[in-house]
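Fold and contact review
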Amino acid sequence: MKKISIFLLLVICPVIAGAQAPSVTAADYARAEKMLGFNTAPLIDRAGVRPTFLPDGRFWYRVLTPTGSEYVLINPVDGTRKTADTFTKLGIASAQAAPAEGRTPGNSVPSPDGKKAVFIKDYNLWIRDIASGRETQLTTDGIKNFGYATDNAGWRKSDRPIVLWSPDSKKIATYQQDQRHVSDMYLVSTNVGAPKLEAWKYPLPQDKDVILIHRVIIDVDGPRVTRLKIGPDARRGTLCDDISCTGKFDDNEWSKDGSKLAFVSSSRDHKQAKLRIADTATGDVREVFEEVVKTQYESGQGAINWKYLSDTNEIIWYSERDDWGHLYLYDAATGRLKRQITKGDFVVTRLIKLDEAAKVLYFEANGREKGRDPYFTHFYRVDLDGDNLALLTPEDGHHQVTLSPDARFFVDSYSTPDMPPVAVLRDMTGRLVTTLERSDISRLKASGWKPPTRVTVKSRDGKWDLYGLVFVPTNLDPSRKYPVVNYIYPGPQGGGFASRAFSAARSDHQAVAELGFVVVVIDGTCNPDRSKSFHDACYGNMADNTLEDQISGIRQLAKKFPYMDVERVGVWGHSGGGYATAMAMFKYPDFYKVGISESGNHDNRNYEDDWGERYIGLMTKDSDGKSNYEDQATQTHAMNLKGKLLLAHGGMDDNVPPYNTYLVVDSLVKANKDYDLIIFPNARHGYGASSYYMMRRRWDYFVQHLLGANPPKEYEIKPKTDPRLTAQ
């Protein structure tokens, strides 16, 4: 009897297994591929107004139509327009359309008057006269790892000098960068024959000192170098993990006559920001005021928002001291606070324009318009004394504005994640001059495309509303149960949305949904663009990764959308999302069954210093020698893996070095855990030409292990160019 039972079991099991593992065909993948950006973009018409302003104040732009292109010329004074099917027919001289600028090599920085360019040679700064080509050496004592204007933050680097020219093109604010004492990073190429070694300075939290900058002013006509009379500053900025988020020497502003330089010195841990003013002739430095915070100071969201008003000797300062990001006015002579300019339960994100003559500020902000998504950006004006705050972009949506060079008008493109853009022209009072374009997605809809569903859930503790998107198959059968794929990017400098603007294809979320999944994206707590307390909710514990918000949100959504199967949940992310994915699989193994972790910074002791030190704090050790970073390292939890995990990394990733993933692999091997691994031998952080291969492997992995089906063998995703862009 036992023999018969065993025999029957052996015969029947393959049949059952076959029934439970249906195939997903190449045709299914092709249908999913139609939802990728290179296929959806050609079906959108009259979108993407990018104005090019002419010297006479008019502007032109190009939009794509069902049959090709249309060029539009606008007179903002009266809103009149001229259209043509080619640029030439607009009747604009080429010199008007693109004002000529002095041509300088990509590794040099031109002066404001366009007559000179500064560049690095042999660790020193040189200047080139653009007309004659004559080169003059500006500094002489630069040496390896202690050179001038060095563009190296570890995680990103270039040969371009980091400088800030004075308005009169006579002086340069820059620094001599001391990186002799910080850690080295090494990567080795994969090729036939001898490998090539890449080695550079890459500071880590373990370093006793990080990169230091010795500030200098260079008079280019001398040349003469004046060192500022202060000690070296940590190479820290008030906005991003660099001192050159904009490409210039950030957190520095010249007086109009070039005699003074205002700058901010940030402490290594970002808890202290000092506003200082230097005499550029003598190097004397005066400390004006400082701001000290318990977590980390930021000067804005997307832009550095402090300004030096040299004519009135005042400073506009950005602070979150009342839990919201606002603008304040200081007396630069005394350091005394004169007034708070903006106030209320909203966040000033970017100070766009300061009209000093009219004493008016123009800025973007989030969260002021009640009843709207608090991440939607709107455009405002306010008097410098704090009076007459006015909304200039009234429509409910996410607004992206471009000011005319004379600051008399602005182009506003507004949209939502499920509503295509409308572009309008307004004057600086907010008066509507004309509607420029209404994007047409009728061809996109006819293809079967549907927008994602905007959702709101509560945070894990019920304290905050969290906002997300849900992507479902366009042929959704509500009576079925669909496995859930949770795309995650935890920040803390930005969430999974990337932008609140309309996008027909956000990553491959809709494509994955077409394969038989519900894809969920939730911006959890611990991210910017809202209150300071919201952003700081995970301060000191980056390993939180908003995972409990994600789990809570998915469970809430499953009650609203019963076709979501919370017993089959997968997760994936890249970079910080790769870190979060592995941590999800290790810390919540009973909830997340399948994970795909790409290029994760799994141990912030092995990632650039500025990242962890901004959001965790400086590395410290307890009495047992254990650091505050250790438990936040993914590999320390690898023994908890229960589900299927695919790890991926670029072998030449100079942002997040591949050793982060190797640490996880090593721990999984030691814990005797099964895992899958893809290494792209010569790829950087984003995989470059191999990115679509990774996308297909990601589809395969979820189809096989979460959906329980067989994917088509070696399906190839083939990107293509919108034919309208190449048409003559």
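The structure under discussion appears in the preceding block.
Residues numbered from 1 in each chain as written. Predicted model: local features only at pLDDT ≥ 70, side-chain atom pairs only at ≥ 80, totals over all residues. Heavy atoms only, no water.

1. Considerations on the environment of Ala584
Along the polypeptide, Ala584 turns up in helix α9 (residues 576-587). You can call Ala584 buried: its relative accessible area is 0%. In the structure, Ala584 is positioned 105 residues away from Ser479 in sequence and 29 Å away in space, judged by C-alpha atoms. (Helix = DSSP H or I, 4+ residues; strand = E, 2+ residues; numbered from the N terminus. Buried < 20%, exposed > 50% of the residue type's maximum accessible area, 1.4 Å probe, protein only.)

2. Notes on the sheet that holds strand β33 (residues 419-427)
An order of β31-β32-β33-β34 is seen for the four strands of this open sheet, with the pairing classed as antiparallel. Every interior strand has two partners, whereas the edge strands, β31 (398-403) and β34 (432-438), have only one. Averaged over all pairs of adjacent strands, the angle between strand axes in this sheet comes to 20°, irrespective of strand direction. Summarising the sheet, strand β32 (residues 409-416) and β33 pair through seven bridges and their orientation is antiparallel. Following the sheet pairing, Tyr414 is matched in β33 by Val422. (Pairing = 2+ DSSP bridges. Axes fitted to C-alpha atoms, helices over the stretch in contact; angles between N-to-C directions.)

3. Description of the nonpolar core
Within the largest apolar cluster, 60 residues are counted, with the highest numbers of intra-cluster contacts made by Val485, Leu515, Phe517, Met694, Trp699, Phe702 and Val703. In terms of residue count, helix α12 (residues 691-707) provides more of this core than any other element does, eight residues in total. Leu515 has contacts with Val24, Asp28, Tyr29, Ala32, Trp699, Val703 and Leu707, leaving out every residue within four places of it along the chain. Counting residues in hydrophobic clusters, the runner-up holds 43 residues, among them Ile488, Met583, Met585 and Tyr592. (Core = buried A, V, L, I, M, F, W, Y, C linked by side-chain atoms within 4.5 Å. Contact = heavy atoms within 4.5 Å.)

4. Some thoughts on the side chain of Asp383
Within the secondary structure, Asp383 is located in strand β29 (residues 377-383). Asp383 sits in the buried class, given a relative accessible area of 14%. For Asp383, the side chain forms a polar contact with the side chain of Arg381, separated by 2.9 Å. Aside from chain neighbours lying at most four places away, what touches Asp383 is Ile341, Lys359, Val360 and Asn388. (Polar contact = N/O pair within 3.5 Å; in protein donor to acceptor, adjacent residues only side chain to side chain.)

5. Focus on the packing of aromatic side chains
One pass over the full model with this rule turns up 29 aromatic pairs. With 5.1 Å between their ring centres and 85° between their planes, Phe289 and Trp317 make a pair best called edge-to-face. A residue pair is termed long-range when its members are at least 10 positions apart, and Phe289 in strand β22 (residues 285-292) and Trp317 in strand β24 (residues 314-319) qualify at 28 residues. Summarising the aromatic geometry, the rings of Tyr375 and Tyr467 are spaced 6.1 Å apart at their centres and angled 80° between planes, so their arrangement reads as edge-to-face. Within this pair, whereas Tyr375 is found in the loop between β28 (360-366) and β29, its partner Tyr467 is found in strand β36 (residues 465-471), the two being separated by 92 residues in sequence. For the residue pair Tyr375 and Tyr467, the accessibility class agrees, reading buried in each case. (Phe/Tyr/Trp six-rings, centres within 6.5 Å; stacked < 30°, edge-to-face > 60°.)

6. A few points about the pattern of salt bridges
According to the stated counting rule, one finds 60 salt bridges in the structure shown. Residue Lys121 pairs with Glu135 through a salt bridge whose shortest N-O separation is 3.7 Å. Here Glu135 lies in strand β8 (residues 135-137) and Lys121 lies in strand β6 (residues 116-121), a separation of 14 residues in the sequence. Under the relative-accessibility criterion, Lys121 is labelled partly exposed at 31%. (Salt bridge = Lys/Arg side-chain N within 4 Å of Asp/Glu carboxyl O.)

7. Overview of the environment of Pro681
Tracing the sequence through the fold places Pro681 in the loop between β42 (676-680) and α12. Under the relative-accessibility criterion, Pro681 is labelled partly exposed at 41%. When the C-alpha atoms of Pro681 and Gly651 are compared, they prove to be 4.5 Å apart, with 30 residues separating the residues in sequence. Look past the residues within four positions of Pro681 in its chain and what remains in contact with it is Thr190, Gly651 and Met652.

8. Description of the sheet that holds β22
Judged by pairing direction, the sheet is antiparallel, and its four strands sit side by side in the order β19-β20-β21-β22 without closing on themselves. Lying at the two open borders of the sheet, with one neighbouring strand each, are β19 (252-254) and β22. Each neighbouring strand pair of the sheet contributes to a mean axis angle of 15°, computed without reference to strand direction. In this structure, strand β20 (residues 260-266) lies alongside strand β21 (residues 272-279), joined through seven bridges in antiparallel fashion. By the bridge assignment, Lys260 is partnered in β21 with Asp279.

9. Regarding the pairing of strand β2 (residues 59-65)
Where burial is concerned, most of β2 is hidden: six out of the seven residues are buried. Looking at chain direction, strand β1 (residues 52-53) and β2 are connected through two bridges and run antiparallel. Bridged to Thr52 within β2 is Trp60. Between the end of β1 and the start of β2, which pair antiparallel, lie five residues, with Gly57 showing a positive phi angle near 100°. Bridging between β2 and strand β3 (residues 68-75) involves seven bridges; their strand directions are antiparallel.

10. Quick word on the environment of Ala390
Along the chain, Ala390 falls in strand β30 (residues 390-391). With relative accessibility at 25%, the residue Ala390 sits in the partly exposed group. Once the C-alpha coordinates of Ala390 and Ile44 are considered, the two residues, 346 residues apart in sequence, prove to be 33 Å apart. In contact with Ala390, other than residues within four places in its own chain, are Phe379, Tyr380 and Arg381.

11. Re the state of the cysteines
Summed over all chains, the structure comprises two disulfides. Disulfide partner of Cys240: Cys245, at an S-S distance of 2.1 Å. Taking the sign of the S-S torsion, about -105° here, the bridge from Cys240 to Cys245 comes out left-handed. Residue classification places Cys245 among the partly exposed positions, given a relative accessible area of 26%. Covalently, Cys526 is tied to Cys538 through a disulfide, its sulfur atoms 1.7 Å apart. (Disulfide = S-S within 2.5 Å.)

12. Topic: a nonpolar patch on the surface
Together, Tyr186, Val188, Leu197, Tyr659 and Tyr662 make up a nonpolar patch on the protein surface, roughly 470 Å² of accessible area in all. Those elements that place two or more of their residues in the nonpolar patch are β14 (184-188) and α11 (659-670). Within the element layout of this structure, Val188 appears in strand β14. Among the residues examined, Val188 registers a relative accessible area of 42% and is labelled partly exposed. (Patch = residues over 30% accessible without salt bridge, like charges linked within 9 Å, V, L, I, M, F, W, Y side chains within 5 Å. Areas by Shrake-Rupley, 256 points an atom, 1.4 Å probe, with all protein chains shown as cover.)

Everything listed here is a matter of geometry and, on its own, says nothing about what the molecule does.
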